[in-house]
Amino acid sequence: MKDYPDKMTAEEARRFGEDVLNIVSQIPRGRVTTYGDIALLAGWPSHARMVGRTLRYTPGADKLPCHRVVNKMGRTAPGWGKQRELLEDEGVQFKANGHVDMGRFLWEPEI
């Protein structure tokens, strides 16, 4: 894993994982958010990649709407072809370049 200047303790990493899963569980149907926004909401803005790892490797995360998390450009996860289908089933539209229309479908929770 990348050596972050603001490394987490084991307890902070545990709490971060819980926060990530809680945030993802709140993303409304038909909306998306980004790995970076989730990291920011969890209090660790430089840890967007760790959000992805948390979603990929945490048991039970597959029961959450992880398909609603995209990168900051609106690209879906590489190697997960079903993600686009799941989003389209919820009414999320994609631009001609294959990216989610972030201007229309980005979820911005009230903080």
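In this text the structure is predicted, and so the values were computed from the model without any measurement. (Residues numbered from 1 in each chain as written. Predicted model: local features only at pLDDT ≥ 70, side-chain atom pairs only at ≥ 80, totals over all residues. Heavy atoms only, no water.)

Draft legend 1. Here's a closer look at the packing of helix α1 (residues 10–25) against helix α3 (residues 48–57). Following both chains from N to C, one finds α1 and α3 inclined at 80°, their axes separated by 10 Å at the closest point. The angle between α1 and α3 falls in the class roughly perpendicular. Between α1 and α3, the residues in contact are A13, F16, G17, V20, L21 and V24 and M50, V51, T54 and L55, respectively. Grouping the amino acids of the contact of α1 with α3 by side-chain chemistry returns 8 nonpolar, 2 polar and no charged. (Axes fitted to C-alpha atoms, helices over the stretch in contact; angles between N-to-C directions. Helix = DSSP H or I, 4+ residues; strand = E, 2+ residues; numbered from the N terminus. Parallel < 35°, antiparallel > 145°, perpendicular 65-115°, else oblique. Contact = heavy atoms within 4.5 Å. Nonpolar A, V, L, I, M, F, W, Y, C, P; charged D, E, K, R; others polar.)

Draft legend 2. Quick peek at α3. All of the buried residues in α3 are M50, V51, T54 and L55. For α3, the arc enclosing every buried residue in end-on projection is 140°, short of the 170-degree limit, so these residues lie on one face. Turned more than 90 degrees off the buried face of α3, the exposed positions are R49, R56 and Y57. Against the buried residues of α3 lie α1, α2 (35–41) and β2 (69–70). (Buried < 20%, exposed > 50% of the residue type's maximum accessible area, 1.4 Å probe, protein only. Arc of directions from axis to C-beta.)

Draft legend 3. The pattern of salt bridges, seen in detail. Enumeration over the complete set of coordinates arrives at 9 salt bridges. For E18, the salt bridge is made with R14, and the minimal N-O distance between the two is 2.3 Å. Pair noted here: E18 and R14 are both in helix α1, with a separation of 4 residues, about one helical turn. Judged by relative accessible area, which is 37%, E18 ranks as partly exposed. The residue D19 makes a salt bridge to R15 at a minimum N-O spacing of 3.5 Å. Pair noted here: D19 and R15 are both in helix α1, with a separation of 4 residues, about one helical turn. (Salt bridge = Lys/Arg side-chain N within 4 Å of Asp/Glu carboxyl O.)

Draft legend 4. Examining the side chain of T34 more closely. You can see T34 is positioned in strand β1 (residues 33–34). Of the residues examined, T34 reaches a relative accessible area of 6% and is grouped as buried. At a separation of 2.9 Å, a polar atom in the side chain of T34 contacts the main-chain amide nitrogen of D37. Apart from residues no more than four positions distant in its own chain, T34 is found in contact with V69, V70, N71, K72, M102 and L106. (Polar contact = N/O pair within 3.5 Å; in protein donor to acceptor, adjacent residues only side chain to side chain.)

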